[in-house]
Amino acid sequence: MEVERRGDVRWYYLLSNLKEDEILNNTKPFEIPKSLVWKAWLMVKANKGAAGVDQESIYMFEQNLAENLYKLWNRMSSGTYFPPPVKAVEIPKKQGGFRTLGVPTVGDRICQNVVKLVFEPQVESSFLADSYGYRPNKSAVDAVGTTRVRCWKYDWVLEFDIRGLFDNLDWDLLMKAVRKHTDKKWVILYIERWLNAPMQKSDGTITPRKCGVPQGGCISPVLSNLFLHYVFDVWMSSHHSHIPWARYADDAVCHCNTEAEAQALLVELKQRFAECKLELHPDKTKIVYCKDGTRKSDYPDTKFKFLGYEFRRRKVKNSQTNGIFVSFTPAVCPEAKKEMRAKIRGLNIRNRTDLSLNDIAEWVNPILAGWINY
């Protein structure tokens, strides 16, 4: 065992499933299994990721792994762990401008995963079937497939996106939802501390935060999903149970029978999100007529984009009769095509005369397979 070779007796006890907690200290206020910290570390290592404000990479953290993990466990168990500031990283948006990611340190990502491993199962059972984002055994492709079938059954779609979801979540409402799903004091304590962790810019400036969750934190997707579960999912089931919908994080579609129904729903949704201190994105929210071979009415918007797919009127082939007909169906959107072309050009394959065709195939095939599978 690698840890045993390092000579760290404490971590050897952990991996041997011995109750070292009882041997070393019986006064820890929070019972956090060391095996949970180890599992969280494996998750962070598998996901890789950049260093945080302390400039410590995963490789550097691993050089003194046993001691570093023990310190994290000890501080979390005693209630003395305070997250460092998150590193602000600007990344360009597809539509222009920049999005600010908050990159936690390696150690903080491990601690967040410890809480996530405990908290996520407690909320997952409450989430509804048509919530697809950041959930185990659910994917964007599942959401697209469900939406595809529903577009054949319903003539109208209300597509909407939430402006700056991660940056604008109200902490009081969020913590109310958190407390509803867990009574573990240490889970609540550390979620509150992560919400209050400031942002550190590239020039070293520390910026306090008053709302939102850092986009880049391991616990943030679970918290944002929980928030929208009550803001949208449960609200829709209660007030508009006859309207099917699919949501992936802050991107969602609702299927309506008439334009009037879609317009009325849009008015109600704007009010609902405003009550919860969120706003629908004006440029990404619209009502669409699912025009196909049989739906021939005129309407300004007859296509929409959802999770990298563009839904619109297309010619398709009947798999049984081989006949051609017009349907409303998804395919890769123009923006995704542009990104794929740019990716291939960036590889500069045509100038790699040092590589054989087999070398190029081994290099490019995983990229192509990812696109094809999606």
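Up top is the structure these notes are about.
The following paragraphs examine the structure supplied in this document. These numbers come from a predicted model, not from an experiment.

Each value, and the rule that gives it
- Residues numbered from 1 in each chain as written.
- Predicted model: local features only at pLDDT ≥ 70, side-chain atom pairs only at ≥ 80, totals over all residues.
- Heavy atoms only, no water.
- Pairing = 2+ DSSP bridges.
- Helix = DSSP H or I, 4+ residues; strand = E, 2+ residues; numbered from the N terminus.
- Axes fitted to C-alpha atoms, helices over the stretch in contact; angles between N-to-C directions.
- Phe/Tyr/Trp six-rings, centres within 6.5 Å; stacked < 30°, edge-to-face > 60°.
- Buried < 20%, exposed > 50% of the residue type's maximum accessible area, 1.4 Å probe, protein only.
- Patch = residues over 30% accessible without salt bridge, like charges linked within 9 Å, V, L, I, M, F, W, Y side chains within 5 Å.
- Areas by Shrake-Rupley, 256 points an atom, 1.4 Å probe, with all protein chains shown as cover.
- Salt bridge = Lys/Arg side-chain N within 4 Å of Asp/Glu carboxyl O.
- Lys, Arg positive; Asp, Glu negative; His and termini not counted.
- Charge placed at Lys NZ, Arg CZ, Asp CG, Glu CD.
- Core = buried A, V, L, I, M, F, W, Y, C linked by side-chain atoms within 4.5 Å.
- Contact = heavy atoms within 4.5 Å.

Here the focus is the sheet that holds strand E6 (residues 245-248). Spatially, E6-E7-E3-E8 is the arrangement adopted by the four strands of the open sheet, whose pairing is antiparallel. At either margin of the open sheet sits one strand with a lone partner, and together these are E6 and strand E8 (286-289). Between one strand axis and the next, the sheet turns through 20° on average, direction left out of account. Two strands pair when backbone bridges link them, and strand E3 (residues 156-161) and E8 are joined in this way by four bridges, in the antiparallel orientation.

What follows is about the packing of aromatic side chains. Tallied over the full model, the rule gives 14 aromatic pairs. Seen in terms of ring centroids, Trp156 and Tyr299 are 4.7 Å apart; in terms of plane orientation they differ by 90°. Their pairing is edge-to-face. Pair noted here: Trp156 is in strand E3 and Tyr299 is in the loop between E8 and strand E9 (304-306), with a separation of 143 residues, a long-range link. Judged by its relative accessible area of 10%, Trp156 falls in the buried class.

Judged by side-chain charge, Lys337, Lys338, Arg341 and Arg345 come together as a positively charged surface patch. Turning to its location among the elements, Lys338 is positioned in helix H14 (residues 334-347). Residue classification places Lys338 among the exposed positions, given a relative accessible area of 57%.

In terms of nonpolar packing, the biggest core is built from 70 residues, with Ile110, Val115, Phe119, Trp186, Leu269 and Phe273 touching the most fellow members. The element that contributes the greatest number of residues to this core is helix H12 (residues 220-239), accounting for nine residues. Val115 has contacts with Met76, Glu120, Trp186, Val187, Tyr190, Ile191, Trp194 and Ile219, leaving out every residue within four places of it along the chain. Ranked by size, the runner-up nonpolar core spans 16 residues in total, among them Val144, Val253, Cys290 and Phe328.

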